[in-house]
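An overview of the molecular structure
Single-letter residue listing:
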Amino acid sequence: MGKRQQSFGVQRAACSIPVFDVRPQYLALKEELDAAIGRVLDRGWFIQGEEHAAFEAEFAAFCGARHGVGVASGTDAIRIALQAIGVEPGDEVVAVANAGVPPIAAIVETGARPVFVDVDPATRTLDPDLLEAALSPRTRAVLAVHLYGQSADVDRILELIRPRGIALLEDCAQAHGAEYRGKRVGSLGDAAAFSFYPTKNLGAYGDGGLITTSDDGVADRARLLRQYGWRRQYLSETHGISSRLDELQAAILRVKLRHLEVANDARRLRAARYTESLRGVITPAEPAWSRDVYHLYVVEVADRDGLKAALAERGVGTGIHYPLPAHLQEPYAELGAGLGSLPVTERLASRVLSLPMFPELPLEQVDYVAEAVNEFSAAHG
Ligand SMILES: Cc1ncc(COP(=O)(O)O)c(C=O)c1O
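This write-up is about the structure you can find in this document. The shown structure was predicted, so the numbers you read here are calculated from the model rather than taken from an experiment. (Residues numbered from 1 in each chain as written. Predicted model: local features only at pLDDT ≥ 70, side-chain atom pairs only at ≥ 80, totals over all residues. Heavy atoms only, no water.)

Before going further, it helps to spend a moment on the nonpolar core. Counting residues in each nonpolar core, the largest one holds 76 residues, and the members touching the most others are Phe-55, Phe-59, Val-142, Ile-161 and Leu-355. The element contributing the most residues to this core is helix α12 (residues 363-379), with 6 residues. Looking at which domains feed residues into this core, each of domain 1 (2-22 + 259-379) and domain 2 (27-118 + 125-257) gives three or more. Grouped together as the second largest cluster of nonpolar side chains are 34 residues, Leu-82, Ile-85, Ala-106 and Leu-342 included. (Core = buried A, V, L, I, M, F, W, Y, C linked by side-chain atoms within 4.5 Å. Buried < 20%, exposed > 50% of the residue type's maximum accessible area, 1.4 Å probe, protein only. Helix = DSSP H or I, 4+ residues; strand = E, 2+ residues; numbered from the N terminus. Domains from an automatic or database assignment.)

Structure (structure tokens):
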């Protein structure tokens, strides 16, 4: 099983329990998926055809948004959405540093400047108490990441930014189907960005991304920006490059979308079982506002590297999401948020560990992993 693991800092040693595995889902849905792929091949139409249009509409409806705009990746979804909501070179966009490099890389690509804000130690999402101090007259948008499958505290963010005319972009790359106070993420701000990287809760068999929004103007600009500024083929209304979600991926995603809620429930069941059994580690917070979809099940522990090694010895794959916060990555050092500037983010980076989590993970393997963690905890106080 370990051989099939994707990247993302996943242990590549021979593991009997991988941190995630996309293969069982394919085998379970093989007939539907093969038929969908065959349909596209039979039609011979691969870019922006009927599968793409249908998926855009179906996924937007799933999120409770009016529009869906397919793009080539989650990173592009963030970049294009920011541009579509009016972010320009020289603007500031407030963002967290504990969600990997992609959100920050996307902001930099727009010519705007990322301004980092620390996260809440319990929820690991943007700390609304620290947001006001990060805002300036140049702030054009806040990028809130719904991390690991749990929504950020959106109302408290909106309360601060709405009166100032600052936009909210949700990064939903890890939260397809998650809810905030009974509403699906992807419908809570001015626009939202999704990734369909293969291991995501809704994953393609390649790259893909999508922007949701209920703002007609934002949707229109995003559609222009994703393809050379074309409203009509070959006639550019504005500068744009090519960032498209292809027909094959759209057809695959349409099939998987029909099974997403069942898969998210299966993740919740596994998460609840971990949370009930684990001892000696901090388990994910479950704030009352969030209905989590457990893209990752991330625990916190002082001797993270020791636990990781002990689990590897027992054949358990784990991941670290993420080992080096974005503000400490070389290309972003010039932004001036040096070591010590985001104490919670930095502390988490040395303590977080992702345990195996995917909808088909056998429950007895969840129990085996929990037992291995508990043995480590008992031996290391
Ligand atoms: C939080 C977050 N934002 C953005 C992205 C970027 O998505 P993609 O890899 O599709 O560009 C990812 C996934 O890598 C992510 O986890």
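So, about the pairing of strand β4 (residues 139-145). Here β4 lies mainly inside the structure; 6 of its 7 residues are buried. Pairing of strand β2 (residues 92-95) with β4, which is carried by 3 bridges, proceeds in the parallel orientation. Looking across to β4, one finds that Val-93 is bridged to Ala-141. Bridge analysis of β4 against strand β5 (residues 167-171) gives 5 bridges, and the strand direction is parallel. When the bridges of β5 are listed, Ala-144 appears paired with Glu-170. In this fold, the crossover linking β4 to β5 by way of helix α6 (residues 154-161) has right-handed handedness. (Pairing = 2+ DSSP bridges. Right-handed = clockwise from strand over helix to strand, strands pointing away.)

Take the pairing of strand β1 (residues 67-71) next. Along β1, 5 of the 5 residues are buried, which leaves the element largely enclosed by surrounding structure. Where burial is concerned, the two faces of β1 agree: the one with His-67, Val-69 and Val-71 and the one with Gly-68 and Gly-70 are both buried.

Before going further, it helps to examine the site of the ligand. As a matter of local geometry, the ligand sits amid 15 residues, with Gly-74, Thr-75, Asp-171, Gln-174 and Ser-195 nearest to it. Take Thr-75: an N or O atom from its side chain is 2.6 Å from an oxygen atom of the ligand. Isolated, the ligand exposes 390 Å² of accessible area, and the fraction of that covered by the protein chains is 92%. Elements that contribute at least two residues to the shell around the ligand include exactly α3 (74-84) and α4 (102-109). Of the residues forming the shell around the ligand, the biggest block, 3 residues, is contributed by α3. Within the shell around the ligand, the residues separate by chemical class into 8 nonpolar, 5 polar and 2 charged. (Near = heavy atom within 4 Å. Polar contact = N/O pair within 3.5 Å; in protein donor to acceptor, adjacent residues only side chain to side chain. Areas by Shrake-Rupley, 256 points an atom, 1.4 Å probe, with all protein chains shown as cover. Nonpolar A, V, L, I, M, F, W, Y, C, P; charged D, E, K, R; others polar.)

The 3 strands are arranged β7-β6-β12 in an open sheet whose pairing can be described as antiparallel. Two strands lie at the open edges of the sheet, namely β7 (183-184) and β12 (290-291), each paired on one side alone. Bridge count for strand β6 (residues 179-180) against β7 is 2 bridges, and the pairing is antiparallel. Following the sheet pairing, Tyr-180 is matched in β7 by Lys-183.

Residues Leu-41, Phe-46 and Ile-47 make up a contiguous nonpolar surface patch of about 270 Å² in total accessible area. Note that Ile-47 resides in the loop between α1 (23-43) and α2 (50-63). (Patch = residues over 30% accessible without salt bridge, like charges linked within 9 Å, V, L, I, M, F, W, Y side chains within 5 Å. Salt bridge = Lys/Arg side-chain N within 4 Å of Asp/Glu carboxyl O.)

We now examine the packing of aromatic side chains. For the structure shown, the criterion picks out 11 aromatic pairs. Measuring from ring centre to ring centre gives 6.0 Å for Tyr-294 and Tyr-297, while their planes differ by 25 degrees; the resulting arrangement is stacked. The burial state of Tyr-294 is the same as that of Tyr-297; both residues are buried. Connected via pairs of aromatic rings, a cluster forms that spans Phe-55, Phe-59, Phe-62, Phe-194 and Phe-196. Here the basic side chain of Arg-184 rests over the ring of Phe-62, its NZ or CZ set 3.9 Å away from the ring centre. (Phe/Tyr/Trp six-rings, centres within 6.5 Å; stacked < 30°, edge-to-face > 60°. Lys NZ or Arg CZ within 6 Å of the ring centre and 35° of its normal.)

On to the sheet that holds β1, then. Spatially, the 7 strands line up as an open sheet ordered β1-β9-β8-β5-β4-β2-β3, and their pairing is mixed. Lying at the two open borders of the sheet, with one neighbouring strand each, are β1 and β3 (113-116). Between one strand and the next, the sheet's axes are offset by a mean angle of 25 degrees, whatever the strand orientation. Taken together, the 4 bridges between strand β8 (residues 191-195) and strand β9 (residues 209-213) define a ladder with antiparallel strand orientation. Each residue of the ladder has a partner; that of Ala-192, found in β9, is Thr-212. α4 rests against β2, β3, β4 and β5 of the sheet, and its axis sits at about 140 degrees to β3. (Axes fitted to C-alpha atoms, helices over the stretch in contact; angles between N-to-C directions. Contact = heavy atoms within 4.5 Å.)

The next thing to look at is the pattern of salt bridges. The full count for this structure, using the stated rule, is 26 salt bridges. Ionic pairing is found between Lys-30 and Asp-34, a salt bridge with its closest N-O pair at 2.7 Å. Here Lys-30 and its partner Asp-34 are both found in helix α1, 4 residues apart, which amounts to about one turn of the helix. When its relative accessible area of 37% is taken as the criterion, Lys-30 is described as partly exposed. A salt bridge links Glu-58 to Arg-254; the nearest nitrogen and oxygen atoms lie 2.8 Å apart. Residue Glu-58 is located in helix α2, and its partner Arg-254 is located in helix α8 (residues 247-257); the two are separated by 196 residues in the primary sequence. On the basis of relative accessible area, Glu-58 is assigned to the partly exposed category, the value being 29%. Each of the salt bridges in this network shares a partner with another, and the network as a whole consists of Arg-39, Arg-43, Glu-50, Glu-51, Glu-58 and Arg-254.

For α3, the tally of buried residues reaches 9 of 11 residues, placing the bulk of the element in the interior. Within α3, the full set of buried residues consists of Gly-74, Asp-76, Ala-77, Ile-78, Arg-79, Ile-80, Ala-81, Leu-82 and Ala-84. Structurally, the start of α3 carries an N-cap: the backbone nitrogen of Thr-75 is 3.4 Å from a side-chain oxygen of Ser-73.

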